[in-house]
Amino acid sequence: MSKDENNEEEDWSKFASAGYESAYDPWADLVPQEESEEFLDDDIDFEDFSSIRPPPAEEGLDYLVKMGTCNHCMARLSGKSFNWESAEEVGISIRISCEERGVMKDDDIEYCPYCEDLFVDLDILVEVMKNELDGVEFKKMQLGAHFAKDHVAKEDDLRTRHGATGSQALKAAFNDALGFKFSKEMGEIELVKDQPEVMVLIDTLTFDVTADLRSLYLYGRYRKLERGIPQTRWPCRVCKGRDGGCETCNETGLQYPTSVQDQIGEPLRAAFQAKNTAFHGMGREDIDVRCLGRGRPFVIEMKSPIRRYADLSELTELVNATSAGRVEISELRASRRSEVARIKGTAAEKSYTIRFKYGPEQHCPPVKIDGEEESQSEDVAEVVQENPPEWTAEQVTELCMSLEGVTLAQQTPQRVAHRRADKVRERQVVSISDIVVEGDEVEMTVRCESGTYVKELVHSDEGRTVPSVAEKLGLVCEVTWLDVNDVHAD
Ligand SMILES: [Zn+2]
Ligand SMILES: [Zn+2]
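No experiment lies behind these values; they were computed from the predicted model shown.

Peer 1: What is the right way to read the overall build of the chain from this model?
Peer 2: Scanning the chain for helices and strands turns up 15 helices and 14 strands. Within the chain, buried positions represent 33% of all 490 residues. Pairs at least 24 residues apart make up 74% of the contacts formed inside the chain by residues separated by at least 6 positions.

If you want it as structure tokens, here you go:
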């Protein structure tokens with residue numbers, strides 16, 4: 001491996017899961033805004049309240065009218081049955097009955113002490129939301145309204161004193177009323193509390209509406225048919241991908257012109273009109289390793305997608321056509337965030353085809369591995385002979401087969417030592433098959449446990465992997481190429 005490639009390996013892990021958002025509360029960063037003025041007029045006489053029977057008693061309703069309660073709040077505080085379709089009319093009819101008894105709103109009250117006339121502005125808010133979500137495809141929406149803390153507290157206090165028992169609180173009522181109006185206007189919008197496609201936050205003080213288009217997740221398997229393509233997008237080493245790239249990366253900001261992430265993700269990103277992608281593979285192969293067979297499971301994330309519903313078999317064809325000969329996908333289906341953890345957490349056995357050259361130089365004696373029995377080192381030393389051994393094809397096959405079923409002790413390979421803890425990992429070689437010896441070259445199929453360093457299984461990494469093909473042959477082995485044949489999962 002050249003020095004350059006080593007450097008390229010270096011920063012790999014940093015970008016492997018680049019762009020993965022962790023679960024978050026999109027509104028956690030909002031600072032409650034201070035209420036600027038008192039909404040409750042000081043001249044309302046609190047002292048009489050204890051004697052007034054609450055709604056639905058007439059005197060309770062009369063009192064709501066007197067204090068300037070709006071029609072919506074009247075309906076929700078009245079103790080009468082209503083829905084958001086009819087809330088306005090229910091409120092009006094209560095008010096009319098009260099007025100017939102000669103009860104009027106106090107003259108100096110400017111707005112509803114419960115909602116500060118928010119319900120009056122529902123139509124305006126629906127318009128703002130429609131603008132904000134113009135052209136966005138979605139069916140499931142979650143609404144959140146941000147209220148000043150003291151507004152919520154005051155409303156709670158007032159409602160407890162003057163509203164009917166069990167009246168819905170302001171925040172929940174406002175969300176329901178707004179959601180109802182919005183979905184009635186838009187049609188086919190479902191209000192959800194879990195897995196929304198769009199989250200809309202309304203600031204009730206400023207009327208700012210913020211729409212968060214939630215990520216769309218797709219599961220599939222990919223085959224990487226060409227060597228030299230990294231799995232994930234990898235920013236340029238020199239400019240780190242900032243400021244539109246540099247001379248070294250031809251102003252692309254990328255270390256490699258493409259990646260599995262982009263071969264798959266760019267056509268999809270265009271189709272979903274998403275802002276960006278994040279790629280989560282079930283493990284990954286080295287840049288110079290192909291991934292064949294059924295391919296490797298992955299979940300790709302479309303961030304802030306404008307479009308959401310598509311024919312996935314058409315998209316599969318699109319990806320495979322634009323990426324012909326490099327990357328192919330199959331089994332594309334809808335996924336969700338939780339599957340990312342599953343994909344990342346699955347330790348799947350893998351099958352590889354590996355081709356290597358052996359001899360004629362003698363394999364160097366293994367270095368001592370931490371925790372290894374002294375006697376084993378002596379055994380290993382016996383393998384190293386004065387003159388390099390010469391083997392027949394049958395003997396080579398036999399020596400390779402002797403590794404089947406063994407548990408390898410693999411000290412962190414030198415090529416990844418800078419980013420992985422230096423320790424000995426034990427991994428099992430599940431099976432070895434299809435060994436073909438052609439002169440000084442060998443090709444074989446190896447199935448092994450997740451996390452096995454397969455190249456090291458062959459060349460021994462200067463004795464850091466024990467046992468190895470090189471050790472068994474007593475000769476230097478050099479890997480020509482490696483393919484992943486199957487990821488045994490799903
Ligand atoms: Zn109100
Ligand atoms: Zn650059």
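Peer 1: Even after reading the chapter, I still don't get helix H8 (residues 170–186), so can you show me in this structure?
Peer 2: Three- or four-residue spacings in an α-helix give side chains the same orientation, since the helix completes a turn every 3.6 residues. Relative to the 24 Å expected for 17 residues at 1.5 Å per residue, H8 spans 24 Å between its end C-alpha atoms, a close match to the ideal helical length. Three or more residues of H8 are buried, namely Leu170, Ala173, Phe174, Ala177, Leu178, Gly179 and Phe182. Turning to H8, the residues buried within the fold contact helix H4 (71–77), helix H5 (87–100), helix H6 (122–132), strand S1 (140–146), helix H7 (149–162) and strand S2 (190–191). Of the residues one or two after H8, Gly187 is the one with positive phi, at around 75°.

Peer 1: Explain the pairing of strand S7 (residues 290–303) here, please?
Peer 2: A regular strand carries its side chains on alternate faces of the sheet. Here strand S5 (residues 216–224) pairs with S7 via 8 bridges, running antiparallel. Bridge pairing in S7 links Arg221 to Pro297. Strand direction decides the pairing type here: strand S6 (residues 276–281) and S7, joined by 6 bridges, are antiparallel. Each residue of the ladder has a partner; that of Ala278, found in S7, is Glu301.

Peer 1: What should I look at first to understand the pairing of strand S9 (residues 349–362) in this one?
Peer 2: Sheet topology note: the S9/strand S14 (residues 475–488) ladder contains 11 bridges and is antiparallel. Bridging across to S14, Lys357 finds its partner in Glu478. Pairing geometry for S9 and strand S12 (residues 441–448), over 8 bridges, is antiparallel. From the neighbouring strand, Phe356 faces S12, where its bridge partner is Val442.

Peer 1: It is not clear to me how the packing of H6 against H8 should be interpreted in this structure. Could you clarify?
Peer 2: When two helices pack together, their arrangement is given by the angle between the helix axes and by the axis-to-axis distance. Packing of H6 against H8 brings their axes to within 10 Å, and their N-to-C directions diverge by 55°. Relative to H8, H6 is oriented oblique. For the pair H6 and H8, the crossing hand works out as right-handed. Residues Leu122, Leu125, Val126 and Met129 of H6 pack against Ala177, Leu178, Lys181, Phe182 and Glu185 of H8. Of the residues contributing to the contact of H6 with H8, the split by class is 7 nonpolar, no polar and 2 charged.

Peer 1: Could you clarify how one ought to interpret helix H9 (residues 260–272) in this entry?
Peer 2: Between its first and last C-alpha atoms H9 spans 18 Å; for 13 residues at 1.5 Å apiece the expected length is 18 Å, and the two agree. Of all the bends in H9, the greatest, near 30°, is centred on Glu266, and the proline Pro267 appears no more than four residues after it. Every buried residue belonging to H9 is among Val260, Gln261, Asp262, Gln263, Ile264, Gly265, Leu268 and Phe272, and all of these are buried. Contacts made by the buried residues of H9 are with S5, S6, S7, helix H10 (312–322) and strand S8 (327–335).

Peer 1: It is not clear to me how the sheet that holds S2 should be interpreted in this structure. Could you clarify?
Peer 2: Two pairing modes exist for strands in a sheet, parallel and antiparallel, and in both the strands are linked by backbone hydrogen bonds. Taking strand neighbours across the sheet as the criterion, the 4 strands line up as S2-S1-S3-S4 in an open arrangement whose pairing is mixed. This sheet does not close on itself; its edge strands, each paired only once, are S2 and strand S4 (209–213). Pairing between S1 and strand S3 (residues 198–203): 6 bridges, direction parallel. Bridged to His146 within S3 is Asp203. Against the sheet, H6 contacts S3 and S4, and its axis sits at roughly 40° relative to S4.

Peer 1: What exactly am I supposed to notice about the environment of Leu268 here?
Peer 2: Turning to its location among the elements, Leu268 is positioned in helix H9. Residues Leu268 and Ala310, spaced 42 residues apart in sequence, show a C-alpha to C-alpha distance of 10.0 Å.

Peer 1: What should I look at first to understand the environment of Gln414 in this one?
Peer 2: Looking at the element boundaries, Gln414 is found in the loop between strand S10 (407–411) and strand S11 (424–438). Considering only alpha carbons, one finds Gln414 and Glu456, 42 residues apart in sequence, at a separation of 9.9 Å.

Peer 1: Sorry if this is basic, but what is going on with the confidence of the model for the chain here?
Peer 2: Regions with low pLDDT should not have their predicted coordinates read in detail. Taken as a whole, the chain shows an average pLDDT of 86; of its residues, 85% reach a score of 70 or greater. Low pLDDT, under 50, characterises residues 1–24; the predicted model gives this stretch 24 contacts beyond four residues in sequence or across chains. In this model, residues 372–384 is a region of pLDDT below 50 whose contacts with residues beyond four sequence positions or in other chains number 14 contacts.

Peer 1: I would appreciate a short explanation of the packing of helix H3 (residues 58–66) against H5 in the present structure.
Peer 2: Where H3 meets H5, the closest approach of the two axes is 10 Å, and the angle between their N-to-C directions is 100°. Between H3 and H5, the angle falls in the class roughly perpendicular. Together, Leu61, Asp62 and Val65 of H3 and Ile94, Arg95 and Cys98 of H5 make up the contact between the two elements. Along the lines of polarity and charge, the residues of the contact of H3 with H5 split into 4 nonpolar, no polar and 2 charged.

Peer 1: Any chance you could explain unusual backbone geometry here in plain terms?
Peer 2: Residues apart from glycine generally show negative phi values, whereas peptide bonds are mostly found in trans. A cis amide bond links Pro55 to the next residue, Pro56, at an omega of 5°. For Pro56, the position within the fold is in the loop between helix H2 (12–16) and H3. Note the cis peptide between Val466 and Pro467, where omega equals -10°. Mapped onto the elements, Pro467 comes out in the loop between strand S13 (465–466) and helix H15 (469–473). Of note, Lys240 is a non-glycine position whose phi angle comes to about 60°, a positive value. Following the sequence through the fold, Lys240 ends up in the loop between S5 and H9. Backbone geometry places Glu462, a non-glycine residue, at a positive phi of 55°. Within the secondary structure, Glu462 sits in the loop between helix H14 (454–459) and S13. For Glu462, a count of 16 C-beta atoms within 10 Å corresponds to the partly exposed category.

Definitions and cut-offs
- Residues numbered from 1 in each chain as written.
- Chains lettered and ligands numbered in written order.
- Predicted model: local features only at pLDDT ≥ 70, side-chain atom pairs only at ≥ 80, totals over all residues.
- Helix = DSSP H or I, 4+ residues; strand = E, 2+ residues; numbered from the N terminus.
- Buried ≥ 20, exposed ≤ 12 C-beta atoms within 10 Å, placed from the backbone.
- Contact = placed C-beta atoms within 7 Å.
- Expected span 1.5 Å × (residues − 1).
- Pairing = 2+ DSSP bridges.
- Axes fitted to C-alpha atoms, helices over the stretch in contact; angles between N-to-C directions.
- Parallel < 35°, antiparallel > 145°, perpendicular 65-115°, else oblique.
- Left-handed = near helix turned anticlockwise from the far one by under 90°.
- Nonpolar A, V, L, I, M, F, W, Y, C, P; charged D, E, K, R; others polar.
- Bend = angle between axes of the 7 residues up to and from the residue.
- pLDDT = per-residue confidence, 0-100.

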